[in-house]
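Understanding the architecture of this molecule
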Amino acid sequence: MKISVRVVGCLIVTLVSLSGCVSQTVKTTKIPAIQTPTAAIPNEQLLDVSIALFDPGLDIESDGDIPVFPEVRQSEARYMPQLLMNAMQDSGAWGAVRVVPSEDQLTDLMISGKILRSDGKNLALEITAVDATNRYWIDHRVYKAEASRYAYSTTTRSTHDAFQAVYNRIANDLLQHYDKLGPATLVRVRQVAEMRFAERFASQAFEDYVIYEDGRYQLQKLPAEGDPMLERVRKIRARDHLYVDTLQTYYEQFGGQMQLPYQEWRKLTYEEAMALEEVRAEAASDLLIGGLSVLAGIYAAAEGNDTVTRTAGNVAIMGGAYMVKSGLDKRNEAAIHVEALEELGASLEAEITPQVIQLDDQTITLTGNVQDQYAQWRALLDDIYESEIGSLDQTLRSQQDSNR
């Protein structure tokens, strides 16, 4: 079989042309506008919203090139709920929107989330929203976004988060579901939340006001307005809200401290991710083209029937070998990028370690045991309620004695 210089040259040119295939970057990120109510919402229909600290998703294996840094994820799990809270507050459609330590709090609407993927380039959150009647508004829905190259420019970062589109979409989906519920349903959600809270602290007094049937909490009756027991429960609930409102200050302080180093980390991880992606693509391309060039050169050198063809084959072998080596070198370069990412994660960990704060006579640390602290606060509420009920019982007995 005869092989001409033209055939060998065409083969090599074709192989080299394969190296022109490169990955593309998302140039723009469309951020949906926050939707707002079409009319003012009456106070009795304004739902209070609690957003629990997210699950950092450390049980999920990374599906990307960016390694998962546990300390960073733990911090993101505290930071991202604040971004969602801000988006919901911007809509003006809700009552109080708070970040809470856990899903244990009884509220009108509870939102929980899990971080499936988070790096400077991609974000994926699994979101669930369920109201006090156990009606699911969002049931484990996954929201994804890919950051734009310009998301980390100084101008862009000063106006919104790199993944603001995710939080705006969640807020808009919640408002759309809200709009589907009638006024009576919204009022009922608030009533159920209050009665479930009352039952938690005074089960004997409020045990038959709400029943759980067919997967929903259903309101059976309401206490009379001005009921002394209900008034005591409302005072306890107001103290609980006050405590959670106090926590907001510390979450906001943490978010403020985290924002700058976190944004810089995401900017650098984005750049590292893009470089890593490009290097790996080039490495694979070089290995493929180099390997095929070597094979084509060996064939040409062995089968060529003239000196020029054999020489071209030898050149192809040397060129192919060089590209194979280049591909291997770029794989080593990719490993260096991964090491750089690890160093970035370690530096961020050092910068955003939460601070120990003092709240009244209790010390609270926002590093994971804030949930334990909140559990201790709930136990303290039980004690407060018992003392309140004790004084109430004494007052009622005194009134009964005076009426005799």
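Residues numbered from 1 in each chain as written. Predicted model: local features only at pLDDT ≥ 70, side-chain atom pairs only at ≥ 80, totals over all residues. Heavy atoms only, no water.

**Here's the deal with the confidence of the model for the chain**
Any residue range with low pLDDT should be treated as having predicted coordinates unsuitable for detailed reading. Overall, the predicted model of the chain reaches an average pLDDT of 74, with 60% of residues at or above 70. Mean pLDDT in the chain bottoms out at helix α1 (residues 5-17), which sits at 46, and peaks at strand β1 (residues 49-52), which reaches 97. Low pLDDT, under 50, characterises residues 1-8; the stretch is placed with 14 contacts to residues that sit more than four places away or in other chains. This model gives residues 11-28 a pLDDT under 50, and the stretch forms 23 contacts once residues within four places in sequence are excluded. (pLDDT = per-residue confidence, 0-100. Helix = DSSP H or I, 4+ residues; strand = E, 2+ residues; numbered from the N terminus. Contact = heavy atoms within 4.5 Å.)

**Remarks on the layout of surface pockets**
Taken as a whole, the largest pocket spans an internal volume of roughly 280 Å³. Looking at the largest pocket, it is lined by 15 residues, and the ones nearest its centre are Arg190, Gln191, Glu194, Arg234 and Arg237. Those elements giving two or more residues to the lining of the largest pocket turn out to be α5 (183-201) and α7 (228-303). Element by element, the count of residues in the lining of the largest pocket is highest for α7, at 5 residues. For the lining of the largest pocket, the per-class residue count stands at 5 nonpolar, 2 polar and 8 charged. Counted as a void, the second largest pocket has a volume near 220 Å³. Every residue lining the second largest pocket is counted, 16 residues in all, and those nearest its centre are Glu103, Met110, Val130, Asp131 and Arg196. (1 Å grid on protein atoms, 1.4 Å probe; cavity = no way out; pocket = protein on both sides within 12 Å on 5 of 7 lines; lining within 4 Å. Points joined across faces, edges and corners; volume = space filled by probe spheres on them. Nonpolar A, V, L, I, M, F, W, Y, C, P; charged D, E, K, R; others polar.)

**Description of the side chain of Glu76**
Structurally, Glu76 can be placed in helix α2 (residues 70-91). Classification of Glu76 as buried rests on a relative accessible area of 1%. Side chain to side chain, Glu76 and Ser118 meet in a polar contact 2.7 Å long. Ignoring sequence-local partners within four residues, the contact set of Glu76 consists of Pro81, Ile115, Ser118, Met258, Tyr262 and Trp265. (Buried < 20%, exposed > 50% of the residue type's maximum accessible area, 1.4 Å probe, protein only. Polar contact = N/O pair within 3.5 Å; in protein donor to acceptor, adjacent residues only side chain to side chain.)

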